[in-house]
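Remarks on the overall topology
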Amino acid sequence: MIRTEHLCKSYCHHSHYEVRAVYDININISQGSFVVFSGPSGSGKTTLLNIMGTLDRPTAGKVFMYGEEITSFSDIALARLRHKKIGFIFQNFHLIPRLASWENVSYPLIPLGISLKERLERARLLLEKMGLADRLDHAPEELSGGQQQRVAIARALINNPEIIIADEPTSNIDDETSVQIREFLNELKTRGVTILVATHDAMFEKVADVVFKIKNGRIE
Ligand SMILES: Nc1ncnc2c1ncn2[C@@H]1O[C@H](COP(=O)(O)OP(=O)(O)OP(=O)(O)O)[C@@H](O)[C@H]1O
Ligand SMILES: [Mg+2]
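The structure presented is a predicted model; accordingly, all values stated were derived computationally and were not measured. (Residues numbered from 1 in each chain as written. Chains lettered and ligands numbered in written order. Predicted model: local features only at pLDDT ≥ 70, side-chain atom pairs only at ≥ 80, totals over all residues.)

**Examining the pairing of strand E4 (residues 34-38)**
Remark: a regular strand shows side chains that alternate across the two faces of the sheet. For the record, the criterion: Neighbour density around each residue's C-beta defines its exposure: 20 or more other C-beta atoms within 10 Å make it buried, 12 or fewer make it exposed, and counts between make it partly exposed, where C-beta atoms are placed from the backbone. Counting from the N terminus, the helices are the DSSP runs of H or I reaching at least four residues and the strands are the DSSP runs of E reaching at least two. Pairing between strands is defined by DSSP: at least two bridges between the two strands are required.
In terms of burial, E4 is a largely internal element, five of the five residues being buried. Where E4 lies against strand E9 (residues 194-198), four bridges are found, and the strand directions are parallel. Its bridge partner lying in E9, Val36 is registered against Val197. In terms of strand pairing, E4 meets strand E10 (residues 210-215) through four bridges, oriented parallel. By the bridge assignment for E10, Phe37 is matched with Phe212.

Now the structure itself:
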């Protein structure tokens, strides 16, 4: 479902030295698998997930999705692919300030032309599942870190994505809720969703089909 070929991402820092965030990554992810990326802080996990999720472009190498080389797609084509197929849970949530939880969750449905009524209904169902039935009208700044993370998870699921990309999805959550999140992601896997998770949480390795250990931008 997703394949990378000699994927590299470098940053030029103050134009005199290069940071190799990821280097020569060659991986092959099959549909419906639960894939974990683990590794120390700064090893390149977020960079790699963002590139595979079409949010960022590599400086060299290729990404294939469903056999198509998406690295050659235009920004508009990538956005379309993303809206239809991918759900993101970001490391720092990226919720929209001042918008209510349900509005944040249903935001990705707007470009798909879905009615307000249906957006509200779908957001409500997911937020209830995340234990936030009584926080539908709260803005992110009125929520705790873990609650914001759960709103972000609900938003990632709203378009019934085929691929979920989760960057540290349990970093702000207590153990009990973390268990629920892992079980929830695992349940999605049984429905054929492909799941990519970057995490320091060793418990994820127990539910993963594949664990890639990343160090200094390379797969160990
Ligand atoms: N915009 C940028 N400009 C320069 N260097 C960057 C930029 N973004 C990331 N880096 C560098 O790339 C490397 C990989 O960063 P990345 O965020 O992918 O790591 P990570 O594995 O997700 O870390 P963490 O576990 O702390 O989230 C780091 O050394 C970081 O300093
Ligand atoms: Mg990261």
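Moving on from the model shown.
**Quick look at the sheet that holds E9**
Within a beta sheet, neighbouring strands are joined by backbone hydrogen bonds and run either parallel or antiparallel to one another. We apply this condition: Here, residues touch in the contact sense if the C-beta positions derived from the backbone fall within 7 Å of one another. Structural elements are reduced to axes, namely lines fitted to C-alpha atoms, with helices fitted over the stretch in contact, and the angle between N-to-C directions of any two is expressed from 0 to 180 degrees.
The six strands are arranged E7-E8-E9-E4-E10-E11 in an open sheet whose pairing can be described as mixed. Only two strands of the sheet have a single partner each, and these edge strands are strand E7 (86-89) and strand E11 (218-219). Helix H5 (residues 145-157) contacts E7 and strand E8 (163-167) of the sheet and is inclined by roughly 175 degrees relative to E7.

**Looking at the site of ligand 1**
Here is the rule: Proximity of a residue to a molecule or strand is defined by its backbone-placed C-beta atom lying within 6 Å of that partner.
As a matter of local geometry, ligand 1 sits amid 13 residues, with Tyr11, Ala21, Ser41, Thr46 and Thr47 nearest to it. Put simply, the parts of the chain that give the shell around ligand 1 at least two residues each are strand E1 (2-13), strand E2 (17-25) and helix H1 (45-52). When residues in the shell around ligand 1 are grouped by element, the largest group, three residues, is from H1.

**Focus on the UniProt feature "domain: ABC transporter" (unreviewed entry) in the protein chain**
Applied cut-off: UniProt positions are given in the numbering used here, feature names are shortened, and annotations may be inferred rather than shown by experiment.
UniProt records the feature "domain: ABC transporter" (unreviewed entry) at residues 2-220, using the numbering of this structure. Structurally, residues 2-220 comprises 33% helix and 26% strand, and the distance from its first C-alpha atom to its last is 19 Å.

**Here's the deal with helix H6 (residues 175-190)**
The condition is simple: Given a helix with a known number of residues, its expected span is that number minus one, times 1.5 Å. Regarding the arc, it is the one traced by the directions from the helix axis to the C-beta atoms.
With 16 residues, H6 should reach 22 Å at 1.5 Å per residue; the first-to-last C-alpha distance of 23 Å fits that figure. Of the positions making up H6, those classed as buried are Ile181, Arg182 and Leu185. Projection of H6 onto a plane perpendicular to its axis shows the buried side chains occupying an angular sector of 95 degrees, all on one side. Across H6 from its buried face, at more than 90 degrees, point the exposed residues Glu176, Glu183, Glu187 and Thr190. Of the surrounding elements, those touching the buried residues of H6 are H5, E8, E9 and helix H7 (204-207).

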